[in-house]
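Commentary on secondary and tertiary structure
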Protein chains: 2
Amino acid sequence: MNKIYSASTTAPVNIATLKYWGKRDTTLNLPTNSSISVTLSQDDLRTLTTASCSKSFTEDTLWLNGSKEDITGSKRLLACFRELRELRRGVEAADSAALPMSEFKLHLVSENNFPTAAGLASSAAGLAALVRAIADLYELPQDATELSKIARQGSGSACRSLFGGYVAWEMGSSPDGSDSKAVQIAPVEHWPEMRACILVVSADKKDTSSTAGMQVTVNTSPLFAHRINNVVPQRFELMKKSILDRDFAQFAQLTMQDSNSFHAVCLDSTPPIFYMNDISRAAIRAVDEINRLAGQTVAAYTFDAGPNAVIYYLKENAQVVLGPLKAALKSQDGWASASAIKPEVPTSFESRWLDVLGAGIVRVILTKVGGDPVSTSESLINDAGLP
Amino acid sequence: MNKIYSASTTAPVNIATLKYWGKRDTTLNLPTNSSISVTLSQDDLRTLTTASCSKSFTEDTLWLNGSKEDITGSKRLLACFRELRELRRGVEAADSAALPMSEFKLHLVSENNFPTAAGLASSAAGLAALVRAIADLYELPQDATELSKIARQGSGSACRSLFGGYVAWEMGSSPDGSDSKAVQIAPVEHWPEMRACILVVSADKKDTSSTAGMQVTVNTSPLFAHRINNVVPQRFELMKKSILDRDFAQFAQLTMQDSNSFHAVCLDSTPPIFYMNDISRAAIRAVDEINRLAGQTVAAYTFDAGPNAVIYYLKENAQVVLGPLKAALKSQDGWASASAIKPEVPTSFESRWLDVLGAGIVRVILTKVGGDPVSTSESLINDAGLP
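Predicted model only: the values in this text are computed from it and were never measured.

1. Focus on the overall build of chain A
Looking only at helices and strands, chain A features nine helices and 16 strands. In summary, chain A has a C-alpha radius of gyration of 21 Å against a globular reference of 21 Å for 387 residues, a match within 12%. Taking the contacts inside chain A whose residues are at least 6 apart along the sequence as the reference set, 75% of them involve residues at least 24 apart. Here chain A displays about 14,700 Å² of accessible surface, and carbon together with sulfur accounts for 50% of that area.

Structure (C-alpha cells):
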C-alpha cells in the first residue's frame, strides 16, 4: 500500500454580529453586504478535521460525524477541492521534489465536539477546518485571507472561521470573487474579555433553510435593498471601530440592531421568514432587562437563522449578565464553568421573560472569543486511510 | 330640569390593509404615511354611542362600557369636543333659532358589542361613534370627510371608521392637518363579497402600546424611512386600484406584504417591538397553505398591533379558506354563521400549523365588509341624562 499523507486541524465556530444575509452570486457565494463576526473558543465549540491523501485512494470521500457523506452532488465542496488542488499544482510546479498530491484522491474525516442538534452554524467551522486541513496537507503558502476565498465558496460564513478574534468578511466588488475575503479586524488578544452565552432553544422543525431564505429576501423584500445599501455600510465601519476601541456599549448596540434588522428583512420577505420564536423574544426582553437594571449596555443578543440566542458580554459583567439567566436556567446543563456566578434576579427585574426562558431553553453553552484554527497531531484517520 | 337633547349612532371597526404606523405630528395625529382599511360589518362589531347635552349638565362626562371615565387629562378627547363645539358655534351663528348647545356640557355613553379583551382596535370605532354622535346632536352640515379630521385627532385610525366599505386615510402635507382626512375608495356595494375571519389569540400582556410603539419606530428604525418614502406610496396606489378592480389576488398580496412590512419595522426598532407571536406565525403559515392548495391567492392575513389574525377572503372561497380553520378550531366559539362550512383539511396540508392554532386561538369572529356609521333611535341615556 502506498503511503498516506495527512494533516489535521481544528477550526472554530463564528457568530456574526453584523449579519451576512443575501448573495449577489449564488455560485461563488458572493454576498450582498460585508459582515463581521466574533470567533468562539475551540475549547467549547470546534470542528476537528483530518485531511489525507494517497495514491491508493480511489475516490474523494468525506466522513462527517461518523457518517460517510455522498459528496458527488455537492458543487460547493467540489469547488473547494478544485481550487485547493489548483494551488497544490502551483506548489508542485515550483518544486520538482513535491509529491503530485494534486492527483491523489482525498479522504477527509470531520467531527464536531458539539451536537448538530444544538442548531449552531456548524457548516462554517466544518468548511473552514476542511480547507485549512487540506491546505496544510498540501503545504500551501497562501495566507488565511487567500484561503478564505476558497472556504467562502464552500459555505459563505466559513471564510470568517479561518481567523480567531474579530473578523470581517469584506464583500468585495469583483464579479470573480477575488476580493470577497475574510480579514482579521483584531486578534483575540486585543479584546480577550469578550464572553458568549448561547441559549439553545428547543426548536420545532426549521422553517426555512438559510441558503433558500436569503435569496427569498433578496428577491422579494422591499426593505432589503435599503438595508444593504444604506444601513449596513455605516454599521460595518462603526462596528469595526467599536472593536478597535473596545467600546462594548457601542458594539452591543450595533450587534442588537443588526440582528433585528436581519430578522426584519426576513419578515419583510414573501412569504415571510421567521427564525426567532416566542422563546427568542423572551431572550431579547431578558437582555433588555439586564441592561436596564445595569444602567448601561452590558449584554448584546444576536440571532442567526434559528431561534438560539447568543448573548455577548464582558468578563467583568459576568455576574450581572449571567445571574438572572442562571436563576432561570439552573437546572439546564452548561453552568459548570460558571460555578462562581450566583443565580440572582434583581428585585425589579420583569421576571416573566425568565419564566419563558426556563420553559423553553434546553441547554446553555458558556464560551468566549477564541483564536485561529489550530494544527493538531490528533488524527481521525487510521493507517488504512479510514476513520 | 332643562330638556336633554340627544343623538345616537353606531360606528364600525376598521382593519387596515395598508398600515398606519408613525406620526409626523403627535398632537394632531398626523401620520407619516397614507393608509387603507376595510370597514367591518356593524352586525358583528360596533360601538353604540349616545351623545347628549343639556343646560342642566355640569361637566362633560363619558361612560365607557359601563364605567365613568376620567377624561380631564385626555387631550385627544378634549380636542374633539373643542373642534365639534367650534363647528356648532358656526351653526348657531348662521341660525339665530339654533340652541346654544356649544355652551352645554356633554354626557356621552358608549358601549361596544364585543369584549375589549378580544384585543380588537376598539378606539377607532369608539372615537368615530363619539364624533359622529356629537355631530348629529349638533346637526353639523359637515360631511364625513370633514368630520374625519376631528376623529383623527381623537384616535388616528378612527378617521377611517366614519365610512363604510373601503377607505383611505390620505396623509396630507399641511402642518395644520387640514388635508389629513379619510375618503371612501369604494362603498360596501362595490365589493360586498369581502369576508373577514378574525382569529383571537390568547395573548400575554401586550408588549408595547401602539401609541408609544409607533414613535419608537419613527425615532429608531433605520428601515422605517424607506418604508414610508419608498414602499408605501406605490403600495397605496396599487391597493386602491386592486379594490376598484376587485382584484382579490393583488389586494391580498399587498395586504400581506404590508402587514409584514409594518411588523418588520417594528422589529427593526430599538428596543424591538413584537406584536405577533408563535400563534400569529402559525396563522400566517396556515394562510400560506390555504393559498398553496387553492393554487391561487384566496386568503390574506393581516395583523395590527397585537397577535390576532384577520383573514380576508371572498364569499365564494369560504369553504376552501374556512374549511381547514374550522377543522382546527371547531370547539371554539364563532362558527354559528358558518354552519354550511365543512371542517375539512386537504390531504397535503401541512397540518402542524393548525395544531398550533388549535391550542392558541380562543375565539373566532366571522364577519364581512360593512357600511357607514348608522343613526339609531336606541339610546343609552335615560331621562335624567345618565346611563
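2. What about the side chain of Thr10(A)?
Residue and element names in this part refer to chain A. Of note, Thr10 is situated in strand 1 (residues 5-12). Residue classification places Thr10 among the buried positions, given a relative accessible area of 11%. Looking at Thr10, its side chain comes within polar contact range of the side chain of Gln42, at 2.5 Å. Leaving out residues up to four positions away in the same chain, Thr10 has contacts with Gln42, Arg46, Thr47, Leu48, Pro373, Val374 and Thr376.

3. A closer look at the nonpolar core
Inside soluble globular proteins, nonpolar side chains tend to come together where they are buried. Core analysis: the biggest nonpolar cluster contains 245 residues, and Leu199(A), Leu325(A), Leu357(A), Leu199(B), Leu322(B), Leu325(B) and Leu357(B) have the highest contact counts within it. Contacts of Leu357(B), omitting those with residues within four sequence positions, involve Leu199(B), Ile279(B), Ala282(B), Ala283(B), Ala286(B), Leu325(B) and Leu329(B).

4. Describing the relation of the copies chain B and chain A
Superposition of chain B onto chain A requires a rotation of 180° combined with a translation of 0.0 Å along the rotation axis, giving an RMSD of 0.0 Å. With respect to symmetry, the two chain copies, as superposed, fit the operation of a two-fold axis. Proximity to the rotation axis, assessed at the C-alpha, singles out Ala264(B) in chain B; its C-alpha lies 2.2 Å from the axis.

5. Considering the interface of chain B and chain A
Often, the extent of an interface is quoted as the loss of accessible area on bringing the components together. On the chain A side, the residues contacting the 36 residues of chain B number 36 residues. Between chain B and chain A lies a buried interface of about 2,800 Å² when both sides are counted; carbon and sulfur atoms form 53% of it. A per-residue breakdown of the area chain B buries against chain A is headed by Leu223(B), Arg281(B) and Arg285(B), which together make up 21% of the total. One can count six residue pairs in polar contact (both at pLDDT 80 or more) joining chain B with chain A. When residues of the side of chain B that touches chain A are traced back to their parent elements, those giving at least two are helix 5 (224-244), helix 6 (248-267), helix 7 (278-294) and helix 9 (352-360) of chain B.

6. Some remarks on the domain arrangement of chain A
All names here are of chain A. We note that the domain assignment places domain 1 (5-187) and domain 2 (194-368) within chain A. Look at where the C-alpha atoms of domain 1 and domain 2 centre, and you get two points 27 Å apart. Listed per partner, the contact involves 30 residues of domain 1 and 42 residues of domain 2. Carbon and sulfur atoms supply 71% of the area that domain 1 and domain 2 bury against each other, a total of about 2,900 Å² over both sides. For the pair domain 1 and domain 2, the number of links is one salt bridge. Between the two partners, domain 1 and domain 2, sit nine residue pairs in polar contact (both at pLDDT 80 or more). At the level of secondary structure, the elements contributing two or more residues to the side of domain 1 that touches domain 2 comprise strand 2 (14-18), strand 5 (35-39), strand 10 (166-170) and strand 11 (181-186). Its residues assigned to classes, the side of domain 1 that touches domain 2 shows 17 nonpolar, 10 polar and three charged.

7. Some remarks on the packing of helix 5 of chain B against helix 6 of chain B
Residues and elements named next belong to chain B. The geometry of helix 5 relative to helix 6 is characterised by a closest axis approach of 10 Å and an angle of 160° between their N-to-C directions. Put simply, helix 5 runs roughly antiparallel to helix 6. For the pair helix 5 and helix 6, the sense of crossing is left-handed. Contacts between helix 5 and helix 6 involve Phe224, Arg227, Val232, Arg235, Leu238, Met239, Ser242 and Ile243 from the first element and Gln250, Phe251, Leu254, Thr255, Gln257, Asp258, Ser261, Phe262 and Val265 from the second.

8. Quick notes on the sheet that holds strand 11 (residues 181-186) of chain B
The pairing of strands in a sheet happens through backbone hydrogen bonds and is either parallel or antiparallel. Residues and elements named next belong to chain B. Strand order in the open sheet formed by four strands is 2-5-10-11, and the pairing between neighbours is antiparallel. Two strands lie at the open edges of the sheet, namely strand 2 (14-18) and strand 11, each paired on one side alone. Looking at each pair of strands side by side, their axes are set apart by 35° on average, direction ignored. Where strand 5 (residues 35-39) lies against strand 10 (residues 166-170), four bridges are found, and the strand directions are antiparallel. In the sheet register, Ser37 faces strand 10, and the bridge partner there is Val167. Here helix 6 sits on the sheet and contacts strand 2 and strand 5; the angle it forms with strand 2, its principal contact strand, is near 95°.

9. Examining helix 6 (residues 248-267) of chain A
Across its 20 residues, helix 6 of chain A extends 28 Å between first and last C-alpha, which sits within 8% of the 28 Å expected from 1.5 Å per residue. With 16 of its 20 residues buried, helix 6 of chain A lies for the most part within the structure.

10. As for the pattern of salt bridges
Overall, the coordinates contain 32 salt bridges over all chains when judged by the stated rule. Overlapping salt bridges, with partners in common, bring together Arg227(A), Arg235(A) and Asp258(A) in one network.

11. Examining the sheet that holds strand 13 (residues 299-302) of chain B
All names here are of chain B. Read across the open sheet, the four strands follow the order 13-14-12-15; overall the sheet is antiparallel. Two strands close off the open sheet at either side, each with one partner strand: strand 13 and strand 15 (361-368). Sheet twist, expressed as the average angle between the axes of neighbouring strands with direction ignored, equals 20°. Both strand 12 (residues 194-201) and strand 15 contribute to a ladder of seven bridges, which runs antiparallel. Among the inter-strand pairings, Cys197 is bridged to a residue of strand 15, identified as Leu366. Across the face of the sheet, helix 7 comes into contact with strand 12, strand 13, strand 14 (309-314) and strand 15 while running at roughly 165° to strand 13. The strands that helix 8 (residues 318-329) touches are strand 12, strand 13, strand 14 and strand 15; relative to strand 14, the one it contacts most, it runs at about 145°.

12. A closer look at the state of the cysteines
Residue and element names in this part refer to chain B. All chains considered together, the criterion is met by zero disulfides over all chains. Here Cys53 stays free of any disulfide, with the sulfur of Cys80 as its closest cysteine sulfur at 17 Å. Overall, the relative accessible area of 0% leaves Cys53 in the buried class.

13. Focus: unusual backbone geometry
A cis amide bond, omega -10°, links Thr270(A) with the succeeding residue Pro271(A). Its identity is not glycine, yet Asn29(B) carries a phi of approximately 55°, on the positive side. Locating Asn29(B) in the fold gives a position in the loop between strand 3 (23-25) and strand 4 (30-31). For Asn29(B), a relative accessible area of 1% translates into the label buried. The phi dihedral of Glu139(B) falls on the positive side, at around 50°, and the residue is not glycine. Inspection of the secondary structure puts Glu139(B) in the loop between helix 2 (122-137) and helix 3 (144-154). For Glu139(B), a relative accessible area of 62% corresponds to the exposed category.

Conventions adopted
Residues numbered from 1 in each chain as written. Chains lettered and ligands numbered in written order. Predicted model: local features only at pLDDT ≥ 70, side-chain atom pairs only at ≥ 80, totals over all residues. Heavy atoms only, no water. Helix = DSSP H or I, 4+ residues; strand = E, 2+ residues; numbered from the N terminus. Rg over C-alpha atoms; globule rule 2.2 N^0.38 Å. Contact = heavy atoms within 4.5 Å. Areas by Shrake-Rupley, 256 points an atom, 1.4 Å probe, with all protein chains shown as cover. Buried < 20%, exposed > 50% of the residue type's maximum accessible area, 1.4 Å probe, protein only. Polar contact = N/O pair within 3.5 Å; in protein donor to acceptor, adjacent residues only side chain to side chain. Core = buried A, V, L, I, M, F, W, Y, C linked by side-chain atoms within 4.5 Å. Least-squares fit on C-alpha atoms with pLDDT ≥ 70 in both. Buried area = accessible area lost by both parts, 1.4 Å probe. Domains from an automatic or database assignment. Salt bridge = Lys/Arg side-chain N within 4 Å of Asp/Glu carboxyl O. Nonpolar A, V, L, I, M, F, W, Y, C, P; charged D, E, K, R; others polar. Axes fitted to C-alpha atoms, helices over the stretch in contact; angles between N-to-C directions. Parallel < 35°, antiparallel > 145°, perpendicular 65-115°, else oblique. Left-handed = near helix turned anticlockwise from the far one by under 90°. Pairing = 2+ DSSP bridges. Expected span 1.5 Å × (residues − 1). Disulfide = S-S within 2.5 Å.

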